[in-house]
Amino acid sequence: MGSPENLLAQPMTEAGRAGLAGFLARPADAVVALDFDGTLAGIVPDPEQARAHPGVVRALTRLAPLLRAVVVITGRPAETAVRLGGFADAAGLDRLVVLGHYGAERWEAATGRIEAPAPPPGVAAATAELPDLLRSSGAWQDGPVDAAIETKGGRAVAVHTRRTADPQGTFEALRAPLAALAERHGLIVEPGRFVLELRPPGVDKGVALTSYVHEVAAGAVLYAGDDLGDLAAYTAVDALRTEGLPGVLVCSAATLGEGAEELADRADLVVPGPAGIVELLTGLADALATHP
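Everything numeric in this text was worked out from a predicted model, so none of it was measured.

Conventions we followed
Residues numbered from 1 in each chain as written. Predicted model: local features only at pLDDT ≥ 70, side-chain atom pairs only at ≥ 80, totals over all residues. Heavy atoms only, no water. Helix = DSSP H or I, 4+ residues; strand = E, 2+ residues; numbered from the N terminus. Buried < 20%, exposed > 50% of the residue type's maximum accessible area, 1.4 Å probe, protein only. Phe/Tyr/Trp six-rings, centres within 6.5 Å; stacked < 30°, edge-to-face > 60°. Salt bridge = Lys/Arg side-chain N within 4 Å of Asp/Glu carboxyl O.

Draft legend 1. Structural context of unusual backbone geometry. The backbone of aspartate 89 shows a phi angle near 65°, a positive value even though the residue is not glycine. Structurally, aspartate 89 is set in the loop between α3 (78–85) and β3 (96–100). Notably, histidine 101 is not glycine yet its phi reads approximately 50°, a positive angle. In this structure, histidine 101 sits in the loop between β3 and β4 (105–108). With relative accessibility at 3%, the residue histidine 101 sits in the buried group.

Draft legend 2. View of the packing of aromatic side chains. All chains considered together, the criterion is met by one aromatic pair. Aromatic side chains tyrosine 223 and tyrosine 234 sit 6.3 Å apart centroid to centroid with 85° between the ring planes, which places their arrangement in the edge-to-face category. Residue tyrosine 223 is located in strand β10 (residues 220–225), and its partner tyrosine 234 is located in helix α7 (residues 231–242); the two are separated by eleven residues in the primary sequence. Neither residue differs from the other here; tyrosine 223 and tyrosine 234 are each classed as buried.

Draft legend 3. Fine view of the pattern of salt bridges. All chains considered together, the criterion is met by 20 salt bridges. Arginine 106 is paired through a salt bridge with glutamate 215; the nearest N and O atoms lie 2.8 Å apart. Separated by 109 residues along the polypeptide, arginine 106 in strand β4 and glutamate 215 in helix α6 (residues 205–215) bring together distant segments of the chain. The partly exposed category is assigned to glutamate 215, whose relative accessible area is 47%. Note that glutamate 129 is salt-bridged to arginine 184, the shortest N-O span being 2.9 Å. Here glutamate 129, found in helix α4 (residues 121–137), pairs with arginine 184, found in helix α5 (residues 167–184); they are 55 residues apart in sequence, far enough to count as distant. Glutamate 129 gets classed as partly exposed once you look at its relative accessible area, which sits at 30%.

Shown next as structure tokens:
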């Protein structure tokens, strides 16, 4: 059937090809890390409707038992990602971990429990001010303000501009007032695809990924993401590669835009959105099944 490498799309970069070779050489020590929105699930106007691609669970149940772990790293609450992903009680996913709120929450399929510290107080204070800020900013002209605000279990709050008449213009107009609001309450603003998220500093996908890789003593890592919020994880993988850990960077880009260009420029491999991620995960499982 040929070598495992021949069953997979090949990375475009030398570092990516070396990372994939290292991954395939020691799969039992490898970690696959995945963003949720835009990577496992398509981007939709209503975040509550962002279900994982129907092939995701099937691909992960084949792949996860062959690896050290699969970890989903998301800004959403862990419970939300588990529900929208369909991960709970799925056979074969004992090695799946979901790190919600950029690692502040943790769900493990093996136990079904969520571990989480108390929510930071600054998020609640900022959330209370958001409706008036959006109304007074002049940036939100159409539709109810409440539709723009996504609370995230008290650990973060996001403002979505996708439903506005001018999503990019509204996004840009809100950056400064939201940055000022965040600063007043000891928070930072994380930009994404037509979304600006206010959350505590010192937590991001790079911190969460690096901590998890070290925790499980991973021998290789593949990370897949889709927008600006994933840049910290890309930087973490680059740093791990300089330490000698094989790594692969994957960009999920159904269409380039909304922050995907910068990821695509840095990625070793670009795939067409969640469907491409499913194909990649399935290809990895197929390749490892042929590995001696």
